[in-house]
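Structural overview
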Amino acid sequence: MTTAESITPAWKALESHADETRSRHLRDLFAADPARADRYTANAAGLFLDYSKNRIDDQTMALLIQLAGESGLRERIDLMFSGAPINITENRAVLHVALRAPTGASIMHNGVDVVPLVHGVLDRMAAFAQKIRDRSWKGHTGKPIKNVINIGIGGSDLGPVMAYEALRHYTDRDLVFRFVSNVDGTDFAEAVHGLDPAETLFIISSKTFTTLETMTNARSARAWALAALKDEKAVARHFVAVSTSAKEVSAFGIDTANMFEFWDWVGGRYSMDSAIGLSNMIAFGPDHFRAMLAGFHAMDEHFRTAPFAQNMPVIMGLLGLWYTDFLGAETIAVLPYDQYLKRFPAYLQQLTMESNGKSVTLEGKPVSHPTGPVYWGEPGTNGQHSFYQLIHQGTRLIPCDLIGFARSLNPNGRHHDILMSNVFAQAEALAFGKTPEQVKSEGTPDWLVPHRVFEGNRPTNVILADQLTPAVLGALVALYEHSVFVQGTIWRINSFDQWGVELGKALAQRIIPELESPTEPALAHDSSTNALIKRYRAMRAR
Ligand code: F6P
């Protein structure tokens, strides 16, 4: 298909449909259809989705599903699950689904069944995690490990830190877990503050094992540990690596016996359920880790087999696309009503924006319509007291995903009902708003009425689950992974490369020696960059 062909009959029909229905209000849609709340729901892998408060009707959904069909979504799903190299710009398969395939399943990649490989690494991770958890893995001086520091960035950090925070309830509280990502020395300094090197394990997590930030932090970690332990042999007891590159791991000086492998068919932002999750497995244990994988897998199976009209990732992906391409939304807010999910929006930012922040099609032609929206968010109810004002009364359309749980992991009097009342209240307020008549009837003076009116018609998805368990977290992450794939498929972009991060990296490599040079370097950038470098050098010298 060419770009023009990606504008299919359903796409054209959706454009007209959007024009015809743009002014329709959710109030009217609900008034006209008492069964709406029952019909626009989906269930999968322990998650319940209410999508009735979206600006859709049966025709919208039918056209969106037609669009998915015309875009070849069914074939693309099958291609992904079969290990085809759908990441065409890197000539790689996209097989994160194999990371959570159960024992006995079979997924072939280049003639090799990768499922036994995955389980082999999981077993090694479990054995190692167990030794840290039962304190039988001793540091160089014979003291057991008490502190675990994951050093990684992007997908080698955001997944582990998000899952650690999300499942903190299930973690060994006598172990300390910290995560270092930023090349800013502050990140490392604060992470090791107060820790004894003799009791500290570093997990150097990097798919490539060449990432500047991670390697810089890893070198600082080694210097910090060896300054105290004073013996190169200590590295073997205090450093392990997670990577796809044994060559780079041993070049760095970590014995590959202490390396946990993953594969180039796992994208960085799709890797939290690979060995990249080693710190998580130590934190909450192999059983919970496997339960999380089972949750991922349950959502994978739903995505692979459910008809599109009941398929939760398909529905969520299509709704996001509806707002992005037909109703002019530029961002989507993800608002988890659970403090444990505080890093979930940050995790989703890489997943969604590194995947679908693309402007050329698979054929290298410019896309003809907007692609990946900006994802952002904060846990409720905190966000309500900062940015929700703009969502309720601002000029922008911001679809929101609200995520809540029936049972708290920390029940405490009225807290949870109060929390959840806000989920339902926000979705209600955003959808139905408050009319001038309602505001007036409350005795509001005329001049104040416009300020107190809520236009409403702001769409939300509400995702509910019983409790934030490892399995539910896995299902939730897989839900977003697959909805990103649905959108990427319809936009005909490659959701699995990230060339857009390269230019800045290359320019930084050029500028580093210019900053470090003891003599004034000859600069050949643009005039602004030259002046900034000169000013920085002068300010630093003062
Ligand atoms: O710079 C972007 C990126 O390549 C991400 O895609 C990736 O998750 C991150 O850097 C870290 O890469 P690595 O795991 O190879 O250190």
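This write-up is about the structure you can find in this document. (Residues numbered from 1 in each chain as written. Predicted model: local features only at pLDDT ≥ 70, side-chain atom pairs only at ≥ 80, totals over all residues. Heavy atoms only, no water.)

Our next topic: the nonpolar core. Core analysis: the largest hydrophobic core is formed by 123 residues, its most contacted members being L47, L201, W265, I282, F344, L473 and Y480. What W265 contacts, discounting residues up to four positions off in sequence, is A93, V94, L95, H96, A98, L99, H109, V114 and V118. (Core = buried A, V, L, I, M, F, W, Y, C linked by side-chain atoms within 4.5 Å. Buried < 20%, exposed > 50% of the residue type's maximum accessible area, 1.4 Å probe, protein only. Contact = heavy atoms within 4.5 Å.)

Counted at 1.5 Å a residue, the expected span for helix α17 (residues 415–432) with its 18 residues is 26 Å, and the 26 Å between its end C-alpha atoms agrees. Along its buried surface, α17 packs onto α3 (26–32), α16 (388–393), β12 (400–405) and β13 (460–465). (Helix = DSSP H or I, 4+ residues; strand = E, 2+ residues; numbered from the N terminus. Expected span 1.5 Å × (residues − 1).)

With that out of the way, let us pick up the side chain of K207. For K207, the location among the structural elements is in the loop between β7 (200–205) and α10 (212–229). Buried charge without a salt bridge: K207, with E90 as the nearest opposite-charge side chain at an N-O distance of 6.0 Å. A distance of 2.8 Å separates the side chain of K207 from the backbone oxygen of V266, its partner in a polar contact. In contact with K207, other than residues within four places in its own chain, are R92, S156, S243, T244, S245, F262, W263, D264, V266, G267 and G268. (Lys, Arg positive; Asp, Glu negative; His and termini not counted. Salt bridge = Lys/Arg side-chain N within 4 Å of Asp/Glu carboxyl O. Polar contact = N/O pair within 3.5 Å; in protein donor to acceptor, adjacent residues only side chain to side chain.)

Summed over all chains, the structure comprises 22 aromatic pairs. Residues F128 and W137 carry aromatic rings whose centres are separated by 4.9 Å and whose planes lie at 80° to one another, so their mutual orientation is edge-to-face. You'll find F128 and W137 in the same group, each marked buried. Pairing F128 with F260 gives two aromatic rings, centres 5.4 Å apart and planes at 45°, and the pair type is tilted. Of this pair, F128 sits in helix α7 (residues 114–133) while F260 sits in strand β9 (residues 259–261); the two residues are 132 residues apart in sequence, bridging distant segments of the chain. Comparing F128 with F260, the two get one shared label, buried. Members of the aromatic cluster, connected to one another through ring pairs, are F188, F202, W224 and F239. The residue whose ring lies beneath R39 is Y40, and the NZ or CZ to ring-centre distance is 4.8 Å. The side chain of R237 reaches across the aromatic face of W137, ending 4.0 Å from its centre. (Phe/Tyr/Trp six-rings, centres within 6.5 Å; stacked < 30°, edge-to-face > 60°. Lys NZ or Arg CZ within 6 Å of the ring centre and 35° of its normal.)

Before going further, it helps to spend a moment on the packing of helix α13 (residues 278–305) against helix α20 (residues 470–491). Remark: α13 packs on α20, axes separated minimally by 7 Å, with the N-to-C direction vectors making an angle of 35°. Taken as a pair, α13 and α20 cross one another with a handedness that is right-handed. Of the residues in α20, those in contact with H288, A291, M292, G295, F296, M299, D300 and F303 of α13 are P470, A471, L473, G474, A475, V477, A478, L479, E481, H482, F485 and V486. Within the contact of α13 with α20, the residues separate by chemical class into 14 nonpolar, four polar and two charged. (Axes fitted to C-alpha atoms, helices over the stretch in contact; angles between N-to-C directions. Left-handed = near helix turned anticlockwise from the far one by under 90°. Nonpolar A, V, L, I, M, F, W, Y, C, P; charged D, E, K, R; others polar.)

Around the ligand there are 14 residues in total, and S156, S206, K207, T208 and T211 lie nearest to it. Take G155: an N or O atom from its main chain is 2.8 Å from an oxygen atom of the ligand. Within the backbone of K207, an N or O atom sits 2.7 Å from an oxygen atom of the ligand. With the chains in place, 88% of the 390 Å² that the ligand exposes on its own is no longer accessible. Of the pockets mapped on this structure, the ligand occupies the largest pocket. (Near = heavy atom within 4 Å. Areas by Shrake-Rupley, 256 points an atom, 1.4 Å probe, with all protein chains shown as cover. 1 Å grid on protein atoms, 1.4 Å probe; cavity = no way out; pocket = protein on both sides within 12 Å on 5 of 7 lines; lining within 4 Å. Sits in = over half its atoms within 2 Å of the grid points.)

Two strands in a sheet stick together by hydrogen bonds in their backbones, pointing the same way (parallel) or opposite ways (antiparallel). One open sheet holds the six strands; their spatial order is β1-β2-β13-β12-β10-β11, and the pairing between them is mixed. The sheet is open, and its two edges are formed by β1 (41–44) and β11 (374–376), each paired on a single side. Pairs of neighbouring strands in the sheet enclose a mean axial angle of 15°, with direction left out of account. Sheet analysis places β12 next to β13, joined by six bridges and oriented parallel. Note on β13: the bridge partner recorded for L402 is V462. (Pairing = 2+ DSSP bridges.)

Attention now goes to empty space enclosed by the protein. For the structure on display, the rule yields four cavities of 30 Å³ or more. The calculated volume of the largest cavity comes to roughly 120 Å³. What lines the largest cavity is a set of 16 residues, among which M316, G320, I332, D401 and N461 lie closest to the centre. For the lining of the largest cavity, the secondary structure elements donating two or more residues are α14 (312–326), β12, β13 and α20. Looking at the lining of the largest cavity residue by residue, the class counts come to nine nonpolar, six polar and one charged. (Points joined across faces, edges and corners; volume = space filled by probe spheres on them.)

For the rest of this paragraph, the subject is helix α9 (residues 185–192). By the burial criterion, the buried members of α9 are F188, A191 and V192. The buried side chains of α9 occupy one side of the element, clustering within an arc of 85° when seen end-on. Where the residues of α9 are buried, they touch β5 (147–151), β6 (176–180), β7 and α10. Of the residues trailing α9, G194 is marked for its positive phi of about 80°. (Arc of directions from axis to C-beta.)

As a further point, take the pairing of β7. In terms of residue burial, β7 counts as a mostly covered element, since six of its six residues are buried. Here β7 shows a buried face lined by T200, F202 and I204 and a second buried face lined by L201, I203 and S205. By the bridge criterion, five bridges tie β5 to β7 in an arrangement that is parallel. Opposite I149, over in β7, you have F202 as the bridge partner. Note: β7 against strand β8 (residues 239–243), four bridges, orientation parallel.

The omega torsion across G380 and T381 is 5°, close enough to zero to call that bond cis. Within the secondary structure layout, T381 lies in the loop between β11 and α16. Unusually for a residue other than glycine, R135 sits at a positive phi of about 65°. On the secondary structure map, R135 appears in the loop between α7 and β5. The phi dihedral of K230 falls on the positive side, at around 55°, and the residue is not glycine. For K230, the position within the fold is in the loop between α10 and α11 (235–238).

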